[in-house]
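One letter stands for each residue in the lines below.
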Amino acid sequence: MSQADPVPVPAPEALNASDSNGTEALNATAKFVATPEGTALAYGSLVFMALLPIFFGALRSVTCSKSKNAADMPETITSRDAARFPIIASCTLFGLYLFFKMFSQEYINLLLSVYFFVLGVLALSHTMSPFMCRMFPESLPNKQYQLLFTQGAGEAKEEILNYEFDTKNLVCLLISSVVGVWYLLKKHWIANNLFGLAFALNGVELLHLNNVSTGCILLGGLFIYDVFWVFGTNVMVTVAKSFEAPIKLVFPQDLLEKGLGASNFAMLGLGDIVIPGIFIALLLRFDVSLKKNSRTYFYASFLAYIFGLGLTIFVMHTFKHAQPALLYLVPACVGFPVIVALIKGELTEMFSFESSVEFLPTSPRLSSFPTVSGSPASLASSMDTVSMATGLSPRRRRVQLSCM
């Protein structure tokens, strides 16, 4: 899912470039040689930011799975979806490659900017919602609103969207819109990261693998996809350099020299966060299903992710060549939990676990993060970039924003 720049350079500098699914690759730039301090700060910040949506999104996925309301259920990825993911992702990637070759990059990115502006505002407003619920003055009226879209008439009338919200949600939407305009006009890296974190958090929470076998199929297929498109062709690199959207986390390597106006970035794509993240979230739900009051598999896979991402950076600097992150993340995130299961004698239970089962009422619940129950933003931040590759389509549903 990540990609690399095949052009040799004096020194490896950054994780940068994105593919059509929002995933990033390890890249380098010949124009700027970062200081060791700047590089360490950038990489360390990226790793830290990557861990936030995985950890908290996984916790939220447990609560999301307990929902008994069909309208609030997350999007489930089946083995069939997982098997066709790399194929559709490849077609999407190559299609974008042709688009950028045939049409003006400026106009394509303008459309993408507007599109992701809308998705980002919705996703970020949901992320802010629980904080606003605590900070909103009780003395101010909190009025309820409803936005309803239907098609047809009479008995043939069909509900497209039933969106319920209140004054608190409107305030969140206003603040998020300010961030969105900031991103749209300036493309500032902080605004990019706010949108990226919101997308990644909701992606991990709301995209659910139905079992471990499906997770292995998905990660295995994307492992092959990543290696082929990074090392076998220049398609991914071309699209990555042309594609401008908040589908990556960035951090400047020259922050110490230039402050917030820095412009030489290390980058990590959301695909390298969300794809392993939904597998880690599945293992947390498996931990909860065991009813042993432990989180062994979650912590094992979480540490495996840290190891895999660190190994990616190490190999890149050792061999002075960019590396696809999933080449290291997939074996680590799958291998570590399997080894733990073999040692504990729970391998059969792991692979027979179905994510749809009811969990304990005492399942982990993080009230500081929003319940993005099936809203348009939930599917947006659940990764429009992922659903584009999987072919999963949003269900028509009734949406009610709530504060946890």
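In this text the structure is predicted, and so the values were computed from the model without any measurement.

## Describing the overall build of the chain
For the chain, the helix and strand inventory stands at 14 helices and nine strands. Counting the 404 residues in the chain, one finds 57% classified as buried. Taking the intrachain contacts of the chain between residues at least 6 apart in sequence as the baseline, contacts between residues at least 24 apart amount to 77%. In the structure as shown, the chain presents an accessible area of about 17,000 Å², 67% of it carried by carbon and sulfur atoms.

## Quick word on the packing of aromatic side chains
Under the counting rule described, the total for this entry stands at 17 aromatic pairs. For the ring pair Phe298 and Tyr299, a centre distance of 5.3 Å and an interplane angle of 55° mean the geometry is tilted. The partly exposed category is assigned to Tyr299, whose relative accessible area is 46%. Every member of this aromatic cluster is reached through a ring pair, and the members are Phe55, Phe56, Phe298, Tyr299 and Phe302.

## Focus: the side chain of Asn192
Relative to the elements of secondary structure, Asn192 occurs in helix 5 (residues 189–206). Those residues in contact with Asn192 that sit more than four places away from it in its chain are Tyr183, Ala245, Pro246, Lys248, Leu249 and Val250.

## A short note on the UniProt feature "transmembrane region" (unreviewed entry) in the chain
The feature "transmembrane region" (unreviewed entry), as given by UniProt, occupies residues 40–62, 82–100, 106–125, 191–209, 216–240, 260–284, 296–319 and 325–343 in the numbering adopted here. Between the first and last C-alpha atoms of residues 106–125 the distance is 28 Å; the span itself is 100% helix and 0% strand.

## What to know about the nonpolar core
Phe116, Leu218, Phe243, Ile273 and Tyr305 are the most contacted members of the largest nonpolar core, which totals 93 residues. Looking at which element gives the most residues to this core, the answer is helix 9 (residues 271–290), with twelve residues. Apart from residues no more than four positions distant in its own chain, Ile273 is found in contact with Ala50, Pro53, Ile54, Ala200, Leu249, Leu268 and Tyr305.

## Quick notes on the environment of Ile313
Within the secondary structure layout, Ile313 lies in helix 10 (residues 296–319). For Ile313 and Tyr43, which are 270 residues apart along the polypeptide, the C-alpha to C-alpha distance reads 8.1 Å.

## Remarks on helix 2 (residues 79–102)
The first and last C-alpha atoms of helix 2 sit 35 Å apart over 24 residues, in line with the 34 Å expected at 1.5 Å per residue. Considering bend angle alone, the principal kink of helix 2 is centred on Phe85 and spans about 40°; proline Pro86 follows within four residues of it. If you check which residues of helix 2 are buried, you get Asp81, Ala82, Phe85, Pro86, Ala89, Ser90, Thr92, Leu93, Leu96, Tyr97 and Phe100.

## Points about helix 4 (residues 167–186)
With 20 residues, helix 4 extends 29 Å between its outermost C-alpha atoms, agreeing within 8% with the 28 Å of an ideal straight helix rising 1.5 Å per residue. Against helix 3 (105–135), strand 4 (144–151), strand 5 (158–166) and helix 5 lie the buried residues of helix 4. The backbone nitrogen of Lys168 lies 3.1 Å from a side-chain oxygen of the residue at the head of helix 4, namely Asp166.

## Things to note about the pattern of salt bridges
Per the counting criterion, the structure on display carries five salt bridges. Of the charged contacts, one joins Glu346 and Lys292 as a salt bridge, the two residues approaching to 2.4 Å between their closest N and O atoms. Placement of Glu346 in the loop between helix 11 (326–344) and helix 12 (347–352) and of Lys292 in the loop between helix 9 and helix 10 is noted, with a sequence separation of 54 residues between them. With a relative accessible area of 6%, Glu346 lands in the buried category. As a salt-bridge pair, Lys344 and Glu346 come within 4.0 Å of each other at their nearest N and O atoms.

## Topic: the pairing of strand 8 (residues 265–269)
Among the five residues that make up strand 8, five are buried, leaving the element largely enclosed by the rest of the structure. Across the two faces of strand 8 the burial is the same, with Phe265, Met267 and Gly269 and Ala266 and Leu268 all buried.

## Some points on a nonpolar patch on the surface
A surface patch of nonpolar side chains, about 590 Å² in accessible area, is lined by Tyr107, Leu110, Val114, Val181, Leu184 and Leu185. Of note, Tyr107 is situated in helix 3. Looking at Tyr107, the relative accessible area reads 57%, which means it is exposed.

## Considerations on unusual backbone geometry
A positive phi angle is found at Lys291, which is not glycine, with a value near 55°. Mapped onto the elements, Lys291 comes out in the loop between helix 9 and helix 10. Residues other than glycine seldom take positive phi values, yet Asn293 does so here, at roughly 60°. The residue Asn293 is located in the loop between helix 9 and helix 10 in this model.

## Brief notes about the pairing of strand 5
Taken together, the eight bridges between strand 4 and strand 5 define a ladder with antiparallel strand orientation. Each residue of the ladder has a partner; that of Gln144, found in strand 5, is Asp166. Between the end of strand 4 and the start of strand 5, which pair antiparallel, lie six residues, with Gly152 showing a positive phi angle near 85°.

## Concerning the environment of Ile175
If you trace the backbone, Ile175 turns up in helix 4. A relative accessible area of 35% means that Ile175 is categorised as partly exposed. For the pair Ile175 and Leu124, spaced 51 residues apart in the sequence, the C-alpha separation amounts to 9.0 Å. Excluding residues within four positions of it along the chain, Ile175 makes contact with Met128 and Met132.

About the cut-offs
- Residues numbered from 1 in each chain as written.
- Predicted model: local features only at pLDDT ≥ 70, side-chain atom pairs only at ≥ 80, totals over all residues.
- Heavy atoms only, no water.
- Helix = DSSP H or I, 4+ residues; strand = E, 2+ residues; numbered from the N terminus.
- Buried < 20%, exposed > 50% of the residue type's maximum accessible area, 1.4 Å probe, protein only.
- Contact = heavy atoms within 4.5 Å.
- Areas by Shrake-Rupley, 256 points an atom, 1.4 Å probe, with all protein chains shown as cover.
- Phe/Tyr/Trp six-rings, centres within 6.5 Å; stacked < 30°, edge-to-face > 60°.
- UniProt positions renumbered as here; feature names shortened; annotations may be inferred.
- Core = buried A, V, L, I, M, F, W, Y, C linked by side-chain atoms within 4.5 Å.
- Expected span 1.5 Å × (residues − 1).
- Bend = angle between axes of the 7 residues up to and from the residue.
- Polar contact = N/O pair within 3.5 Å; in protein donor to acceptor, adjacent residues only side chain to side chain.
- Salt bridge = Lys/Arg side-chain N within 4 Å of Asp/Glu carboxyl O.
- Patch = residues over 30% accessible without salt bridge, like charges linked within 9 Å, V, L, I, M, F, W, Y side chains within 5 Å.
- Pairing = 2+ DSSP bridges.

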